[in-house]
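Structural description and commentary
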Amino acid sequence: MSNENLTPILCGHCCEPLDENDETLCTAEDDVVCKDCIPKYDSCHNCSDIIDKNDLHRSESEDLYCQDCYDELDCCDRCECRDEDLSLTSVYTRGGEECWCDGCVENNSFYCDSCNETISDSHSEQYQVRGIGRVCQGCFSDANCFECEECGNYFHEDDDGGEDMCRYCVNR
């Protein structure tokens, strides 16, 4: 039988005929790729499938993932960054509770020293209350805190000196 009647195998990327002696690569889609196209492919960090680089997604740690594996990574609800073992913190937002990465927590939220919750900057005002620390709007109201009209600082009701002033300003 003559080789002339056989259909040539084509590269799954550039569609050029493959020489049987050429270096090739088999992709996750079972395409055979010629040596010139091999640099256009890489493997998924998780499942090791060989995928066209244009179809791979880069995680925060710079690893490459196929779509299925990328969708399974831990994801920050705020910035949508993804990575394996991404450190996530529960944050109370206007839309409810979300999981945020360390960068989003650090730059866009605060820790309430009264209710011990992490609160989105856009969800609540924050107050620095003497003797308590940083508190959210809800805790500020619930703990009967007030702003001294004299010095402008925030205090708990235990420091109330009367006449909308703290006891420190009243005693001056």
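Attention in this report is confined to the structure presented alongside it. Since the structure is predicted, the reported quantities are computational estimates derived from the model, not experimental observations.

Within the chain, the secondary structure is distributed over 4 helices and 16 strands. By the compact-globule yardstick of 16 Å for 172 residues, the chain is too spread out, its C-alpha radius of gyration being 30 Å. Dimensions of the chain along its principal axes, counting C-alpha atoms only, are 110 × 25 × 20 Å. For the chain, with 172 residues in total, the buried portion stands at 31%. Expressed as a percentage of contacts within the chain between residues at least 6 apart in sequence, the contacts between residues at least 24 apart total 17%. Charged side chains of the chain number 11 positive and 44 negative; the gap between the two group centres comes to 9 Å.

Pairs can form between side chains of opposite charge whenever their charged atoms are close. Applying the stated criterion across every chain yields a total of 1 salt bridge. Linking Arg 58 and Glu 62 is a salt bridge whose minimum nitrogen-to-oxygen distance equals 3.7 Å. Classification of Arg 58 by relative accessible area gives partly exposed; the value is 47%.

Quick look at the layout of surface pockets now. Taken as a whole, the largest pocket encloses approximately 240 Å³ of empty space. In terms of lining, the largest pocket is formed by 11 residues, of which the most central are Thr 7, Pro 8, Ile 9, Leu 18 and Glu 20. Residues that form the lining of the largest pocket fall into these classes: 5 nonpolar, 3 polar and 3 charged.

Conventions used here
- Each chain has its residues counted from 1, running along the sequence as written.
- For this predicted model, a pLDDT threshold of at least 70 governs which residues receive local features, and a threshold of 80 or more governs which side-chain atom pairs are given and counted, while totals over whole chains, interfaces and linings are taken from all residues.
- Only hydrogens and water are set aside when side-chain values are computed; all heavy atoms of the structure are taken into account.
- A run of H or I in DSSP counts as a helix once it spans at least four residues, and a run of E counts as a strand once it spans at least two, with each numbered from the N terminus.
- For the radius of gyration, the atoms used are the C-alpha atoms, and the globule rule reads 2.2 Å times the number of residues raised to 0.38.
- Classification of residues uses two cut-offs on accessible area relative to the type maximum, computed with a 1.4 Å probe and protein chains only: under 20% is buried, over 50% is exposed, and between them is partly exposed.
- Here, two residues are considered to be in contact whenever any of their heavy atoms come within 4.5 Å of each other.
- This count recognises Lys and Arg as positive and Asp and Glu as negative, with His and chain-terminal groups excluded.
- By convention, the point assigned to a charge is CZ for Arg, NZ for Lys, CD for Glu and CG for Asp.
- We count a salt bridge whenever a side-chain nitrogen from Lys or Arg sits within 4 Å of a carboxyl oxygen from Asp or Glu.
- Here a cavity denotes grid points, spaced 1 Å and computed from the protein atoms alone, that fit a 1.4 Å probe unable to get out, and a pocket denotes an open set having protein on both sides within 12 Å along at least 5 of 7 lines; residues with an atom within 4 Å of a point are the lining.
- Grid points are joined across faces, edges and corners, and a volume is the space filled by probe spheres set on the points.
- Residues are grouped as follows: Ala, Val, Leu, Ile, Met, Phe, Trp, Tyr, Cys and Pro are nonpolar; Asp, Glu, Lys and Arg are charged; every other residue, Gly included, is polar.

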